Amino acid sequence: MRLLTLAASVSVATLFAACGANGQNAAPLPSGAPLETRPANAAGQQPAFDGQTRAPGVRTETPMAHTVVASGLEHPWGLALLPDGRWLVTERPGRLRIITAAGAVNEPITGLPTVDARGQGGLLDVAVGPTFARDRLIYWSYAEPREGGNATAVARGRLSDDGSRVESVQVLFRALPTYDGVLHFGSSLAFDGAGHLFITLGERSDAPMRPQAQDLGSHMGKTIRIRADGSIPADNPFVGRAGALPEIWSLGHRNVQGIAVAPDGAVWTVEHGTRGGDEINLDRSGLNYGWPEVAYGVEYRGSPINQGLTAREGTEQPAYYWDPVIAPGGMTLYDGAMFPGWRGNLLVAALKEKHIARLVLEGDRVVGEERLMTDIGERVRDVAVGPDGAVWAITDEQNGKLVRLAAR
Ligand SMILES: [Ca+2]
Ligand SMILES: [Ca+2]
């Protein structure tokens, strides 16, 4: 381990030398041309502002490569770093495991509630609580089987000292209404610096459910904000409004499976669109992100969504969108030492396009895009940053893998 640390610091030093004093190692491509050259699905739509889609391609000069750390994981879904450098990894059928940085895969952790693993359901995201060092609390989201169907729920429990089980499990949040379906459960979990827990959800996809993304009396298609103990912060935007659920932070989302909270408290979410409507949003309190009334892209069957409307008073524009889509999974903000030029960039797991998208942010805009790990050949489900700044990801496959992307 000591040798590995030494090797990592040598490569960082080399990297700094190669990039010059400012640590920038991510130059725009000489042309400034976007990476995406395929035709858009929604041929008639225009972005609301320059750079809202097809940002200029950027390229990291530092040579990098990925290594497979562990394999044989069944549809791994959520990835979270423990303070000791090991990883918590969920498998969608309902297993949560600890995997060491060297690739030792532990037996499933016992004590988790049953999940409904049909379709897109199952055990979903996992997060380490902000007070883990003191109470060993971990948090996870899942499709909860219920009388009459299922819905997304979030629970927490104490990871036992030996890591073999969770104790004192509490369900903190239950999305309503219950629905008998297998699509669009979301979800992703992140804490802000003040200890609030953000939960992203889907709208369950089916025609009768889709409009609920606009309904403040339903959790469907919402971003949720609660405290770490499940209680509702008094400064949530809809607290006290008749007919509105007080856990709601924002509305008008389709299916959000990635979230990252910046050090300044800005909440970024990434959501699946239909054909041509994957979105990055700066997810702000009380705002309406449009779905299904306003959207980029077209229905899967090719017809327009609400007559192709892409903007409307009272709805927020995405900070960025992809048409054609990448099918985004998890997301993180890069803050590591290995790639100093990436600090403050978003890294987005791309399922359909099988890479990690690196988005360069400037304020609330995306000004550059790079595709990392394009040789993986597997659906990338979640992404996180390791202690030394290497990027870790899991692939959503029957034989799913935990991989590490690092400077060579
Ligand atoms: Ca939207
Ligand atoms: Ca995640």
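Coordinates for the structure precede this section.
Because the structure is predicted, anything quoted here is derived from the model rather than measured.

A look at the nonpolar core
Point 1. Within the largest apolar cluster, 32 residues are counted, with the highest numbers of intra-cluster contacts made by Leu 79, Tyr 334, Ile 356, Met 373, Val 391 and Leu 402.
Point 2. For this core, the secondary structure elements donating two or more residues are strand 3 (64-73), strand 5 (87-91), strand 20 (346-350), strand 23 (380-385), strand 24 (391-395) and strand 25 (400-407).
Point 3. Looking at this core element by element, the count peaks at five residues for strand 25.
Point 4. Other than its neighbours up to four places away in sequence, Met 373 contacts His 66, Lys 354, His 355, Ile 356, Val 380, Ala 393, Val 403 and Leu 405.
Point 5. Formed by 24 residues, the second largest nonpolar core is a distinct cluster that contains Phe 173, Tyr 179, Leu 189 and Ala 244.

Considerations on empty space enclosed by the protein
Point 1. One pass over the structure, following the stated rule, counts three cavities of 30 Å³ or more.
Point 2. By volume, the largest cavity amounts to about 80 Å³.
Point 3. Lining the largest cavity are 14 residues, with Glu 271, Gly 277, Glu 279, Trp 291 and Ala 295 sitting closest to its centre.
Point 4. Looking at the lining of the largest cavity residue by residue, the classes come out as six nonpolar, five polar and three charged.
Point 5. Of the volumes computed, that of the second largest cavity is approximately 50 Å³.
Point 6. Elements with a minimum of two residues in the lining of the second largest cavity: strand 18 (320-322) and strand 22 (365-372).
Point 7. Tallying contributions element by element places strand 18 first for the lining of the second largest cavity, with three residues.
Point 8. For the lining of the second largest cavity, the class distribution of residues is five nonpolar, one polar and five charged.

Topic: the layout of surface pockets
Point 1. Taken as a whole, the largest pocket encloses approximately 970 Å³ of empty space.
Point 2. Lining the largest pocket are 36 residues, and of these Ala 190, Phe 191, Thr 332, Asp 335 and Ala 384 lie nearest its centre.
Point 3. Looking at the lining of the largest pocket, the elements with two or more residues in it are strand 4 (76-81), strand 7 (123-128), strand 11 (188-191), strand 15 (256-261), strand 19 (328-333) and strand 23.
Point 4. No other element matches the five residues that strand 15 contributes to the lining of the largest pocket.

Concerning the sheet that holds strand 16 (residues 267-271)
Point 1. Reading across the sheet, the four strands line up as 15-16-17-18 and stay open at both edges, with antiparallel pairing between neighbours. In this open sheet, the two strands that pair with only one neighbour each are strand 15 and strand 18. This sheet shows a mean twist of 15 degrees between the axes of neighbouring strands, independent of strand direction.
Point 2. Pairing analysis gives four bridges linking strand 16 to strand 17 (residues 278-282), with the strands arranged antiparallel. Across the sheet, the residue bridging to Trp 268 is Leu 282, located in strand 17.

What to know about the coordination of the calcium ion (ligand 1)
Point 1. Looking at the calcium ion (ligand 1), the protein donor atoms are Glu 279 (OE), Glu 279 (OE) and Tyr 289 (O), and they sit 2.3 to 2.5 Å from it. Here Glu 279, found in strand 17, pairs with Tyr 289, found in the loop between strand 17 and strand 18; they are 10 residues apart in sequence, far enough to count as distant.
Point 2. Judged by relative accessible area, which is 6%, Glu 279 ranks as buried.

Cut-offs used in this document
- Residues numbered from 1 in each chain as written.
- Chains lettered and ligands numbered in written order.
- Predicted model: local features only at pLDDT ≥ 70, side-chain atom pairs only at ≥ 80, totals over all residues.
- Heavy atoms only, no water.
- Core = buried A, V, L, I, M, F, W, Y, C linked by side-chain atoms within 4.5 Å.
- Buried < 20%, exposed > 50% of the residue type's maximum accessible area, 1.4 Å probe, protein only.
- Helix = DSSP H or I, 4+ residues; strand = E, 2+ residues; numbered from the N terminus.
- Contact = heavy atoms within 4.5 Å.
- 1 Å grid on protein atoms, 1.4 Å probe; cavity = no way out; pocket = protein on both sides within 12 Å on 5 of 7 lines; lining within 4 Å.
- Points joined across faces, edges and corners; volume = space filled by probe spheres on them.
- Nonpolar A, V, L, I, M, F, W, Y, C, P; charged D, E, K, R; others polar.
- Pairing = 2+ DSSP bridges.
- Axes fitted to C-alpha atoms, helices over the stretch in contact; angles between N-to-C directions.
- Donors = N, O, S within 2.8 Å, 3.2 Å for Na, K, Ca; no water.

Just geometry here; none of it tells us what the structure is for.
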